Amino acid sequence: MQNFNIEADLAVHWLTKFLSELIEEKKVSVDDFKNFFAFIKNFDNDTYETILEGIDSYFNDDHFRGAYILTLQLEDFLRQLLSVFGGQTTVPEAGAFREKTLGSILSELKPYISVPMYYYISWVMKDYRGFNLRNNIAHGFFKKKHGNPKYSTAILHIFCLLIANTKISIKEQK
């Protein structure tokens, strides 16, 4: 993970700069992302609408809010993917059910995503040697001063990769 850390950090830094230039030159717009992310409506329209808030924040240079919203929605989307693939997102505990941890969700998604993708999501979301965004946001460690565009860019990138590379066909409800 240490070697992955260096490579991933450089790649996210480059991607952040590249996307920023594309936005500045008006070659990429918020509508481009909204259209690409429309796939998520097939899972849950509420998730899609919430993700749009994160995308709007990104395009308005509010990277604290963007990272916050997009990180939490990515965890939810990963749970939804696992469910679509037939996995359980909860486990029995003390006569009730609790949500599985993000680590468990990612482990169960391994057969459906590439190994580099698994490490990238882990590095961004849950590994202490990476951005660890899910932990930092969920436990209140992510403060306004941490609103760096590289965090929200990395989450947007993960969403884009999952949407583009996950082979799912949603059957129309009759």
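As shown above, the structure is provided for reference.
Keep in mind the model is a prediction, meaning the values are calculated, not measured.

Peer 1: Please clarify how the nonpolar core should be interpreted in this entry.
Peer 2: For soluble globular proteins, nonpolar side chains are generally found buried alongside one another. With 49 residues, the main nonpolar core has Phe 37, Val 124 and Leu 162 as its most contacted residues. For this core, the elements supplying multiple residues, two or more each, are α1 (2-24), α2 (30-37), α3 (45-59), α4 (63-84), α5 (102-109), α6 (115-125), α7 (133-138) and α8 (149-165). Sort the elements by how many residues they give to this core and α8 lands first, with nine residues. Once residues lying within four places of it in the same chain are set aside, the contact partners of Leu 162 are Leu 74, Phe 77, Leu 78, Leu 81, Ile 113, Met 117 and Ile 121.

Peer 1: For this particular structure, what's the right way to read the packing of aromatic side chains?
Peer 2: Two descriptors summarise a pair of aromatic rings, namely the distance from one centre to the other and the angle between the planes of the rings. For the structure on display, the rule yields 16 aromatic pairs. Considering the side-chain rings of Phe 36 and Phe 37, the 6.3 Å spacing of their centres and the 65° angle between planes classify their relative orientation as edge-to-face. Under the relative-accessibility criterion, Phe 37 is labelled buried at 0%. Between Trp 123 and Phe 131, the ring centres sit 4.3 Å apart and the planes meet at 40°, which makes this aromatic pair tilted.

Peer 1: Quick question: what am I supposed to make of the environment of Asp 9 here?
Peer 2: In this fold, Asp 9 is placed in helix α1. Ignoring anything within four residues of it in the chain, the contact list for Asp 9 reads Trp 123, Phe 131 and Lys 150. A polar side-chain atom of Asp 9 sits 3.4 Å from a polar atom in the side chain of Lys 150.

Peer 1: Just checking my understanding: could you explain unusual backbone geometry for this structure?
Peer 2: Backbone phi values are negative for most residues with the exception of glycine, while trans is the configuration of most peptide bonds. Of note, the phi angle at Asp 61 is positive, near 60°, even though the residue is not glycine. By the element assignment, Asp 61 lies in the loop between α3 and α4. Residue classification places Asp 61 among the exposed positions, given a relative accessible area of 62%. Despite not being glycine, Asn 132 has its phi angle at roughly 55°, a positive value. Following the sequence through the fold, Asn 132 ends up in the loop between α6 and α7.

Thresholds, definitions, all that
- Residues numbered from 1 in each chain as written.
- Predicted model: local features only at pLDDT ≥ 70, side-chain atom pairs only at ≥ 80, totals over all residues.
- Heavy atoms only, no water.
- Core = buried A, V, L, I, M, F, W, Y, C linked by side-chain atoms within 4.5 Å.
- Buried < 20%, exposed > 50% of the residue type's maximum accessible area, 1.4 Å probe, protein only.
- Helix = DSSP H or I, 4+ residues; strand = E, 2+ residues; numbered from the N terminus.
- Contact = heavy atoms within 4.5 Å.
- Phe/Tyr/Trp six-rings, centres within 6.5 Å; stacked < 30°, edge-to-face > 60°.
- Polar contact = N/O pair within 3.5 Å; in protein donor to acceptor, adjacent residues only side chain to side chain.

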